[in-house]
Amino acid sequence: MKNPYAEIELQMARTIDYLIAAAKADSQEKLGDLHSQIIQAVNAQMELQYKNYELPDHICSSSVTLQIQDNETGRLYTRTLPLDFKENNNGLTLEGETSQGVPSEIVFLSNTAVDKIADVTGHGPDHSRCDD
């Protein structure tokens, strides 16, 4: 295989044409649903390929790719945004800038982190975890 990327594009084009015909995706909404299903299937298959590799303690990236399916049309859109992404067992953080260039951060805490915060602020269970 001289150019693996060209081969991938060719095979994907053939597969997508076949799937569109098989799913009778003859509207934008059906095409969007099929697009979403294809992405999910590819991601699931790739996760199986990673199964022999160790999971990292944290994940970091300087960009985030979002996939959005429009409620009205069903069309799937993909956008890559310049956001710093950090994830560990406490949750995930997105860091970027507002439209005015001011640094901004959104934090999504995991249940584990919320429980830890409750414990250290005196809102946790009234018994010691050491007795469990």
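Residues numbered from 1 in each chain as written. Predicted model: local features only at pLDDT ≥ 70, side-chain atom pairs only at ≥ 80, totals over all residues. Heavy atoms only, no water.

**Description of the pairing of strand E3 (residues 76-81)**
Okay, so step 1: Pairing between strand E2 (residues 64-69) and E3: six bridges, direction antiparallel. Paired with Thr65 across the strands is Thr80, a residue of E3. (Pairing = 2+ DSSP bridges. Helix = DSSP H or I, 4+ residues; strand = E, 2+ residues; numbered from the N terminus.)

**Observations regarding the packing of helix H1 (residues 4-23) against helix H2 (residues 28-49)**
If you want to describe how two helices pack, look at the angle between their axes and the distance between the axes.
Okay, so step 1: At a minimum axis separation of 11 Å, H1 and H2 run at an interaxial angle of 130°. As the angle between them shows, H1 and H2 are arranged oblique. Two packed elements cross with a definite hand, and for H1 against H2 that hand is right-handed. Here H1 contributes Ile16, Leu19, Ile20 and Ala23 to the contact with H2, which in turn contributes Leu31, Leu34 and Ile38.
Okay, so step 2: Here the residues of the contact of H1 with H2 are counted per class, giving seven nonpolar, no polar and no charged. (Axes fitted to C-alpha atoms, helices over the stretch in contact; angles between N-to-C directions. Parallel < 35°, antiparallel > 145°, perpendicular 65-115°, else oblique. Left-handed = near helix turned anticlockwise from the far one by under 90°. Contact = heavy atoms within 4.5 Å. Nonpolar A, V, L, I, M, F, W, Y, C, P; charged D, E, K, R; others polar.)

**Examining H2**
Okay, so step 1: Between its first and last C-alpha atoms H2 spans 32 Å; for 22 residues at 1.5 Å apiece the expected length is 32 Å, and the two agree.
Okay, so step 2: Among all positions of H2, only Gly32, Leu34, Ser36 and Ile38 are buried.
Okay, so step 3: Where H2 is buried, its residues meet H1, E2 and E3. (Expected span 1.5 Å × (residues − 1). Buried < 20%, exposed > 50% of the residue type's maximum accessible area, 1.4 Å probe, protein only.)

**Here we look at the sheet that holds strand E6 (residues 103-109)**
Okay, so step 1: Taking strand neighbours across the sheet as the criterion, the four strands line up as E1-E4-E5-E6 in an open arrangement whose pairing is antiparallel. Lying at the two open borders of the sheet, with one neighbouring strand each, are strand E1 (59-61) and E6. Averaged over all pairs of adjacent strands, the angle between their axes in this sheet comes to 10°, without regard to strand direction.

**Topic: the side chain of Ser110**
Okay, so step 1: Among the secondary structure elements, Ser110 is positioned in the loop between E6 and helix H3 (111-120).
Okay, so step 2: The class for Ser110 is buried, based on a relative accessible area of 19%.
Okay, so step 3: Residues within four places of Ser110 in sequence aside, it is in contact with Asn89, Asn90 and Gly91.

**Side note on the pattern of salt bridges**
Okay, so step 1: Throughout the structure, instances matching the rule amount to two salt bridges.
Okay, so step 2: Salt-bridge contacts for Asp26 lead to Lys30; the nearest nitrogen and oxygen are separated by 3.3 Å.
Okay, so step 3: For Glu95, the salt bridge identified is with Lys86, shortest N-O distance 3.4 Å.
Okay, so step 4: Under the relative-accessibility criterion, Glu95 is labelled partly exposed at 22%. (Salt bridge = Lys/Arg side-chain N within 4 Å of Asp/Glu carboxyl O.)

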